[in-house]
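Notes for the structure review
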Amino acid sequence: MDIDIRKAVLANVSGNNKDQLESTIVDAIQSGEEKMLPGLGVLFEVIWKESDNQKKEELLSTLSSGLK
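Reference entry: report on the structure contained in this document. Predicted model only: the values in this text are computed from it and were never measured.

Thresholds applied
Residues numbered from 1 in each chain as written. Predicted model: local features only at pLDDT ≥ 70, side-chain atom pairs only at ≥ 80, totals over all residues. Heavy atoms only, no water. Helix = DSSP H or I, 4+ residues; strand = E, 2+ residues; numbered from the N terminus. Buried < 20%, exposed > 50% of the residue type's maximum accessible area, 1.4 Å probe, protein only. Salt bridge = Lys/Arg side-chain N within 4 Å of Asp/Glu carboxyl O. Expected span 1.5 Å × (residues − 1). Polar contact = N/O pair within 3.5 Å; in protein donor to acceptor, adjacent residues only side chain to side chain. Axes fitted to C-alpha atoms, helices over the stretch in contact; angles between N-to-C directions. Parallel < 35°, antiparallel > 145°, perpendicular 65-115°, else oblique. Contact = heavy atoms within 4.5 Å. Nonpolar A, V, L, I, M, F, W, Y, C, P; charged D, E, K, R; others polar.

Below, the discussion takes up the overall build of the protein. From N to C terminus, the protein includes 4 helices and 0 strands. Taken from N to C terminus, the helices and strands of the protein fall in the order α-α-α-α. Overall, the protein is about 35 × 30 × 25 Å in size when its C-alpha atoms are taken along their principal axes. Across the 68 residues of the protein, 12% fall into the buried class.

Shown next as structure tokens:
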């Protein structure tokens, strides 16, 4: 059985409003479950693809600061 994680995650959150998306992200992080990591990765991929170069630099700076 071959599962397309991207499609499944996007189908699960498609049409969600900002509050629902925030809840999904917060729940995934707070649960600490390894199985949630691919979904967060898909959401990050969407953010990255939709960001201009300035926003990407901000994201990279935030990430870099958080990893220190």
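Moving on: the pattern of salt bridges. All told, the structure shown has 4 salt bridges when counted by the stated rule. Salt bridges here are not isolated pairs; linked through shared partners, they connect Arg-6, Glu-45 and Lys-49.

Taking 1.5 Å per residue as the helical rise, helix 4 (residues 53–66) with its 14 residues ought to reach 20 Å, and the 20 Å between its terminal C-alpha atoms agrees with that figure. Its side-chain oxygen at 3.2 Å from the backbone nitrogen of Gln-54, Asp-52 defines the N-terminal cap of helix 4.

Attention now goes to the packing of helix 1 (residues 5–13) against helix 3 (residues 37–50). Viewed as axis vectors pointing N to C, helix 1 and helix 3 meet at an angle of 80°, and their least axial separation amounts to 9 Å. One way to sum up the angle between helix 1 and helix 3 is to call them roughly perpendicular. Residues Ile-5, Arg-6, Val-9, Leu-10 and Val-13 of helix 1 pack against Pro-38, Gly-39, Val-42, Leu-43, Glu-45 and Val-46 of helix 3. Of the residues contributing to the contact of helix 1 with helix 3, the split by class is 8 nonpolar, 1 polar and 2 charged.

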